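Examination of the molecular architecture
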Amino acid sequence: MQCFSYSYLFQFQLQTALLYDSVDLFGKAIQHLYSKQTVFKPSMSCESKDPWVFGESLINIMKMDFTKGLTGPIRFDEYGQRSDILLDVIELRDDGFIKTAFWNTSGITTLNETKIEDIKSLSNITFKVGTCINPPYVDYRPNHEDYEGIDQYQGFCIDILKAMPEFKFDIIIHDTSSRCSNGGFKNGSWSGLMRELLENRIDLAINDLTITQERRSWVDFTQPFMNLGISILIRKQEPPPTDYFSFLAPFSLEVWLYVLTAFLGVSLLMYITSRITPYEWVSSHMCETEPEELENQFSLGNCLWFTLGSIMQQGSDLAPRALSTRALASVWGFFTLIMVSSYTANLAAVLTVSRMESPIASADDLVRQTKITYGCLQGMSTCKFFEKSNHSTYQRMWSAMESNPGVFVKGNDEGIDRTLKGNYAFLMESSSIEFNMAKYCNLTQVGGLLDQKGYGIAFPPNSPYRAVFSNRVIGLQESGKLDELKKLWWVENVTPVGGVKCVHHKKADAVAALKIGDVGGVFLVLLVGTGFGCLLVILEFIWKTKKVARHQRVSNWTTLRNFCSLLIIAH
Ligand code: GLU
């Protein structure tokens, strides 16, 4: 039997790992000292008899500076001896290396991890469960004062515990304020539930406790009972004010003016060309071989009508006969084809963009702008993800957050409040985002998941109960109980603020549902156009009446009366 640092078993011998840790610690201490004062003078010599004045400080820094090395936590007692050493004792058995005990300065402790068959003996133990008030995971039950023990609480995590009726639990709310935390590692020590576990004040911790590598090297976790990832929570954009003329938006004013000019120019050109070409001048009577009078179908009005018909994709009864006019008509046809297709394509895009629930669609969008600030729960796993990421976008996000520490929040409630006020994006875990989106209808998630991880139940290191609970979690997963509880606490038991169930549009729905405001302008144009047509018909009627009256030498009124009676007879 030999002692190794367990996680590096196959990479290093203990001596190598110890050497590595000592050099690393010495290097860090020098760096620390050097950052505070100039300790190396050019004249300093190794042969000098006087002791180096900073030697004492260096030793003190090494004693104080608490890090984690290959051989576990590096901490020294007042005599400079390594304390808090924890060595795993492993044995080579038929089925491979098995951890059978651990050794620390107070002696060797043999591990007899509780087997699943030993559950009966566990039913006599009451487990002290550390948690926080953090809906929907753990919350007080309404009128909780009337109840006792675990019945005072409700929530997803509480229901997981209740789904293991063979065990007894005593719930301990670690901190009743909204700052209750799962635990962050700072200056060599843990806070929150992690600390409670390590100091053996609780037997297990359950909450939205993310399994991270850093935590995993201090405590043990069960299999994850929920999978999730980091995402972005943001307030939905206010719907844009109704714009009756949004149908004009696909083209800029400049383009519309160019189209109008092209329309008038081509109509005029058509008119001139048709006048010049002899092939557009034809007899009005088809059978006449030597006609006295020739007709040209392309009057100025007809030219305008012809080009307009092309823009509207409707065509007209006019058909050019000459090559020149046909060429002109073809080019104009091609121009209108491209313009109309571009208009149609852009109209859909413009309307979709104006309906999008948020101006931000991804983490990259957040980095590119400065108007919306973003932050995360200080010291917790989401912040750690950005702090440690090698991805350039997330590194830039971390630098932006670090340079403006006001963006960090102390609790999820604070993050939600800030997001609701606007101009703030909260980097949160998808499970909590989902819950808050069901509660606050004007909050939305943007972008996908930035990582993948899970929540687990945490136990003090080498806890004999971890395996049993892990097994129970797998059982709950396989039986569908966890999915059932998720639905209960994320959908059925959520009370939306405002009383109405939140509906979050998918982007595809947003394109389909055009409201009258979006197309109102088109109706307005139609109304004005038909009004104008009616006005013209009245003017035409008056004009013709006057002309006939003059020709027949009767009064305007007589002609008008005759016309009206003709109209009535015609009907
Ligand atoms: N689940 C996280 C943790 O255990 C807290 C929430 C967060 O960081 O977004 O650290």
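Chains are numbered independently. Their residues run from 1 in the order of the written sequence. Side-chain atom pairs in this predicted model are given and counted only at pLDDT of 80 or more, local residue features only at pLDDT of at least 70, and totals for whole chains, interfaces and linings cover all residues. Side-chain numbers come from the whole structure's heavy atoms, not from hydrogens or water.

**Focus on the pairing of strand β8 (residues 126-131)**
Relative to strand β11 (residues 168-173), β8 runs parallel, the two sharing six bridges. Following the sheet pairing, Gly130 is matched in β11 by Ile172. With two bridges joining them, β8 and strand β14 (residues 204-205) adopt parallel strand pairing. When the bridges of β14 are listed, Gly130 appears paired with Ala205. Pairing between two strands requires that DSSP report at least two bridges joining them. The helix and strand labels rest on DSSP assignments: H or I over at least four residues marks a helix, E over at least two residues marks a strand, and numbering proceeds from the N terminus.

**Concerning the site of the ligand**
Residues are labelled near a given molecule or strand when at least one of their non-hydrogen atoms is within 4 Å of it. Surveying the vicinity of the ligand reveals the residues Asn182, Asp208, Leu209, Thr210, Arg215, Leu377, Met380, Ser381, Thr382, Glu429 and Tyr455. Contacts described as polar in this section are N or O atom pairs within 3.5 Å, which, within protein, must combine one atom able to donate a hydrogen with one able to accept it, while residues neighboring in sequence count only if both atoms come from side chains. Here a nitrogen atom of the ligand and a backbone polar atom of Asp208 are 2.5 Å apart. At a separation of 2.7 Å, a nitrogen atom of the ligand approaches a polar side-chain atom of Thr210. Only the protein chains shown count as cover for residues, and all accessible areas are computed by the Shrake-Rupley method using a 1.4 Å probe. If the ligand stood free it would expose 290 Å²; the protein chains cover 98% of that surface. Three categories are distinguished: nonpolar for Ala, Val, Leu, Ile, Met, Phe, Trp, Tyr, Cys and Pro, charged for Asp, Glu, Lys and Arg, and polar for the others, with Gly belonging to the last. Considered class by class, the residues forming the shell around the ligand number four nonpolar, four polar and three charged.

**Quick look at the packing of helix α11 (residues 381-388) against helix α12 (residues 392-402)**
Here an axis means a line fitted to C-alpha atoms, over the contact stretch when the element is a helix, while the angle between two N-to-C directions is reported on a 0 to 180 degree scale. Remark: α11 packs on α12, axes separated minimally by 7 Å, with the N-to-C direction vectors making an angle of 115°. Considered as vectors, α11 and α12 are oriented roughly perpendicular to each other. Here α11 runs over α12; the crossing is left-handed. When α11 is examined against α12, the residues Cys383, Phe385, Phe386 and Glu387 are found in contact with a partner set consisting of Tyr394, Met397, Trp398 and Met401. Here the residues of the contact of α11 with α12 are counted per class, giving seven nonpolar, no polar and one charged. An angle below 35 degrees is read as roughly parallel, one above 145 as roughly antiparallel, one from 65 to 115 as roughly perpendicular, and any other as oblique. Left-handed is the label given to a crossing in which the near helix is rotated counterclockwise from the far helix by less than a right angle, and right-handed is the label when the rotation is clockwise. We call two residues in contact when some of their heavy atoms are within 4.5 Å.

**Topic: the UniProt feature "binding site: L-glutamate" (unreviewed entry) in the protein chain**
UniProt positions are given in the numbering used here, feature names are shortened, and annotations may be inferred rather than shown by experiment. Sites flagged by UniProt as "binding site: L-glutamate" (unreviewed entry) map to Thr210, Arg215, Ser381, Thr382 and Glu429. Along the chain, Thr382 falls in helix α11. Classification of residues uses two cut-offs on accessible area relative to the type maximum, computed with a 1.4 Å probe and protein chains only: under 20% is buried, over 50% is exposed, and between them is partly exposed. Taking relative accessible area as the criterion, Thr382 reaches 7% and is therefore assigned buried. With near-sequence residues (within four places) excluded, Thr382 lies in contact with Ile230, Cys376, Leu427 and Glu429. Within the element layout of this structure, Glu429 appears in strand β21 (residues 424-429). Accessibility expressed as a relative area gives 7% for Glu429, which makes it buried. Setting aside residues no more than four positions away along its own chain, Glu429 makes contact with Asp208, Thr210, Leu228, Gly229, Ile230, Ser381, Thr382, Lys453 and Tyr455.

**Describing the environment of Ser403**
Assignment of secondary structure puts Ser403 in the loop between α12 and α13 (412-421). A distance of 2.9 Å separates the side chain of Ser403 from the backbone oxygen of Ala400, its partner in a polar contact.

**Structural notes on the packing of helix α7 (residues 253-276) against helix α8 (residues 300-311)**
For the pair α7 and α8, the least separation of the axes is 8 Å and the interaxial angle reads 130°. Taken together, the axis directions place α7 and α8 in an arrangement best described as oblique. Two packed elements cross with a definite hand, and for α7 against α8 that hand is right-handed. Of the residues in α8, those in contact with Phe263, Leu264, Val266, Ser267, Leu268, Met270 and Tyr271 of α7 are Leu300, Cys303, Leu304, Phe306, Thr307, Leu308 and Ile311. The class makeup of the residues in the contact of α7 with α8 is twelve nonpolar, two polar and no charged.

**A few points about α8**
One fewer than the residue count of a helix, multiplied by 1.5 Å, yields its expected span. A rise of 1.5 Å per residue sets the reference length of α8, with its twelve residues, at 16 Å; its end C-alpha atoms lie 17 Å apart and thus fit the reference within 8%. Within α8, burial applies to Cys303, Phe306, Thr307, Gly309 and Ser310. One side of α8 holds all its buried residues, which, seen down the axis, span an arc of 155°. Positive phi appears at Gln313, one or two residues downstream of α8, with a value of about 60°. The arc in question is the one traced by the directions running from the helix axis out to the C-beta atoms.

**Brief notes about the state of the cysteines**
When two cysteine sulfur atoms are found within 2.5 Å, that pair is recorded as a disulfide. Taken as a whole and judged by the stated rule, the model has three disulfides. With cysteine numbering restricted to those in disulfides and following the sequence, the protein chain has the pairing 1-2, 3-4, 5-6.

**What to know about the sheet that holds strand β3 (residues 72-76)**
The three strands lie next to each other as β2-β3-β4, forming an open sheet whose pairing is antiparallel. Strands at the two margins of the open sheet, each flanked by one partner only, are β2 (67-69) and β4 (82-83).

**Details of the pattern of salt bridges**
Basic side-chain nitrogens of Lys or Arg form a salt bridge, by our definition, when they fall within 4 Å of a carboxyl oxygen of Asp or Glu. Going through the model one piece at a time under the given rule, you end up with 14 salt bridges. Linked through salt bridges whose partners overlap, the residues forming this network are Arg195, Glu196, Glu199 and Arg201.

**With respect to the sheet that holds strand β22 (residues 443-446)**
Reading across the sheet, the four strands line up as β20-β21-β17-β22 and stay open at both edges, with mixed pairing between neighbours. In this open sheet, the two edge strands, each paired with only one partner strand, are β20 (373-375) and β22. Each neighbouring strand pair of the sheet contributes to a mean axis angle of 30°, computed without reference to strand direction. In the sheet, strand β17 (residues 230-235) pairs with β21 via four bridges, with the strands oriented antiparallel. Of the residues in β21, the one forming a bridge with Leu233 is Phe426. Together, β17 and β21 form the strand contacts of α11, whose direction differs from that of β21 by roughly 100°. Its contacts with the sheet place α12 against β20 and β21, and it is angled at close to 95° to β20.

**Regarding the packing of aromatic side chains**
Whether two aromatic rings pair depends on their centres lying within 6.5 Å, for rings of Phe, Tyr and Trp, where Trp uses its six-membered ring; planes under 30 degrees apart make the pair stacked, over 60 edge-to-face, and the rest tilted. Taken as a whole and assessed by the stated rule, the structure comprises 28 aromatic pairs. A connected cluster of aromatic rings, assembled from ring pairs, spans Phe127, Phe167, Phe169, Phe459, Tyr465 and Phe469. Should the NZ of a Lys or the CZ of an Arg lie within 6 Å of a ring centre and within 35 degrees of the ring normal, that charge is described as sitting over the ring. For the cation-ring pair, Arg141 lies above Tyr147, with the distance from its terminal atom to the ring centre recorded as 4.0 Å. The residue whose ring lies beneath Arg418 is Tyr424, and the NZ or CZ to ring-centre distance is 4.5 Å.

**Examining a nonpolar patch on the surface**
A surface patch of nonpolar side chains, about 850 Å² in accessible area, is lined by Leu253, Leu257, Leu260, Leu264, Leu268, Ile272, Ile276, Leu300 and Leu304. Broken down by secondary-structure element, the contributors of at least two residues to the nonpolar patch are α7 and α8. Top element by residues in the nonpolar patch is α7. It accounts for seven residues. When you line up the elements, Ile276 lands in helix α7. The class for Ile276 is exposed, based on a relative accessible area of 66%. Surface patches are defined over residues having more than 30% relative accessible area and no salt bridge, joining like charges when they lie within 9 Å and nonpolar side chains (Val, Leu, Ile, Met, Phe, Trp, Tyr) when within 5 Å.

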